[in-house]
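# Summary of structural features
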Amino acid sequence: MFPIPVFDCHSDIPADIARRRAEGERRVFARHYWPRLSQAGVVGSLFALWVEPPYRRNSAHRVLQLASALWADIQESPELIRIVTDDEPLDPTDSRFQVVLGLEGMTFVEQWLLDRNDHPASLWEGYQESFTVLRRLGVRHAMLAWAETNALASGPDVFPKTHSAHRPPGLTPLGRDIVRHLAGTGILLDISHLDDTSAADVCDSHSGLLIASHSNARALSDHPRNLPDFLIKAIGDRHGIIGLNSYGPYVDKVHPTMDRLIDHLIYIANLIGIRHVAFGFDFTDYLPTIYHASRPTEGLSRVEDVPPFLDRLSQRGFSDDEIRAVSFGNIQRVWDRQQQSIQGG
């Protein structure tokens, strides 16, 4: 059955590219990633601009570093990789690796204007200025928080709070305004890493397309990063997708395996249909070991495991058409729908 083109809806590769370029390496994607991805049949990914914990106190500066390093690396290998923006399709036949550029958290809004003094108007100005810059750099996707609580939204408190530590969970008024603004500009909204209250508030503030780029079903692994049924159904109702996450604790707290992740696929597909399922593998093997799962998913912890995973889907009874849909077709449809909403707006 293999090869089938695969789009990975979540990757932190930009953080590794920035780290390696800061150490003097060049053509990082071409040297370290292109051979692995192309051999595994992964033809595109949502590259997250993720501000690592050591940089959280200066996240505004770091998010620009990450974007700049990625663009510099792409310019050194334009024959191998491109960033997809407005009016451009996701094409499984493209010879270049296709990147949708996204934001894994927006805490940087708090720090964009240094003289803001926590004033809501200044925070809105910081958002507008940062969004203008990042959109010009190709950003077309956003998560409001990376598990922490910030000035926009709340996460499940897996990581330290950065703003208004004692406020109730959920979107702030600023967060609601930003959701509405992002939706109106065609940014793909992502509820992965939000807590249930904030995710529900996003649904309340925005009736259009939503995704969860790298989350599983909480009914199968009771972790706050996974989705309860009501949020799974909300994404289906809004024509979105859920990217299956291979990070061990989200697959199973005791024994995460390739087959257990397939169980998540079956569970979500039974709730909302297989057309709403994709892959958001969230591989961490290229990051510092502090970010590795203490118990990685057996048989699915790096990109080289993707072809055997597709074979296992076939063995579990999925048709070639179903596997093609989950691997690429579903995110392609979502991207096309988002582009049509921009043109229609």
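Refer to the structure printed above.
Attention in this report is confined to the structure presented alongside it. (Residues numbered from 1 in each chain as written. Predicted model: local features only at pLDDT ≥ 70, side-chain atom pairs only at ≥ 80, totals over all residues. Heavy atoms only, no water.)

### Considerations on empty space enclosed by the protein
This structure, assessed with the given rule, holds six cavities of 30 Å³ or more. Here the largest cavity is characterised by a volume of approximately 150 Å³. Of all the secondary-structure elements, those providing two or more residues to the lining of the largest cavity are β1 (6-11), α2 (28-40) and β2 (42-49). Residue composition of the lining of the largest cavity, by class: nine nonpolar, three polar and three charged. Approximately 60 Å³ is the volume found for the second largest cavity. Lining the second largest cavity we find Leu103, Met106, Phe108, Ser130, Phe131, Leu134, Arg135, Val139, His141, Ala142, Leu182 and Ile187. In terms of residues, the lining of the second largest cavity owes the most to one element, helix α4 (residues 120-136), which gives four residues. Per-class residue counts for the lining of the second largest cavity are nine nonpolar, two polar and one charged. (1 Å grid on protein atoms, 1.4 Å probe; cavity = no way out; pocket = protein on both sides within 12 Å on 5 of 7 lines; lining within 4 Å. Points joined across faces, edges and corners; volume = space filled by probe spheres on them. Helix = DSSP H or I, 4+ residues; strand = E, 2+ residues; numbered from the N terminus. Nonpolar A, V, L, I, M, F, W, Y, C, P; charged D, E, K, R; others polar.)

### Some remarks on unusual backbone geometry
Located in the positive-phi region is Ala147, a residue other than glycine, with phi close to 70°. Looking at where Ala147 falls in the secondary structure, it is placed in the loop between β5 (139-143) and α5 (173-184). For Ala147, a relative accessible area of 1% translates into the label buried. A positive phi angle is found at His239, which is not glycine, with a value near 65°. (Buried < 20%, exposed > 50% of the residue type's maximum accessible area, 1.4 Å probe, protein only.)

### Quick notes on the packing of aromatic side chains
Taken as a whole and judged by the stated rule, the model has 14 aromatic pairs. An angle of 50° between the planes, with centres 5.3 Å apart, marks the rings of Phe29 and Phe97 as tilted. Of this pair, Phe29 sits in helix α2 while Phe97 sits in strand β4 (residues 97-104), and the two are 68 residues apart along the sequence. Like Phe29, the residue Phe97 is buried in the burial classification. Pairing Phe281 with Phe309 gives two aromatic rings, centres 6.0 Å apart and planes at 80°, and the pair type is edge-to-face. Of this pair, Phe281 sits in the loop between β9 (277-279) and α10 (306-315) while Phe309 sits in helix α10, placing them 28 residues apart in sequence. The exposure class of Phe281 is buried, given its relative accessible area of 1%. Taking relative accessible area as the criterion, Phe309 reaches 0% and is therefore assigned buried. By way of ring pairs, the aromatic residues Phe29, Trp34, Phe47 and Phe97 are connected into one cluster. Across from the ring centre of Tyr55, 3.9 Å away, lies the NZ or CZ of Arg62, which sits over that ring. (Phe/Tyr/Trp six-rings, centres within 6.5 Å; stacked < 30°, edge-to-face > 60°. Lys NZ or Arg CZ within 6 Å of the ring centre and 35° of its normal.)

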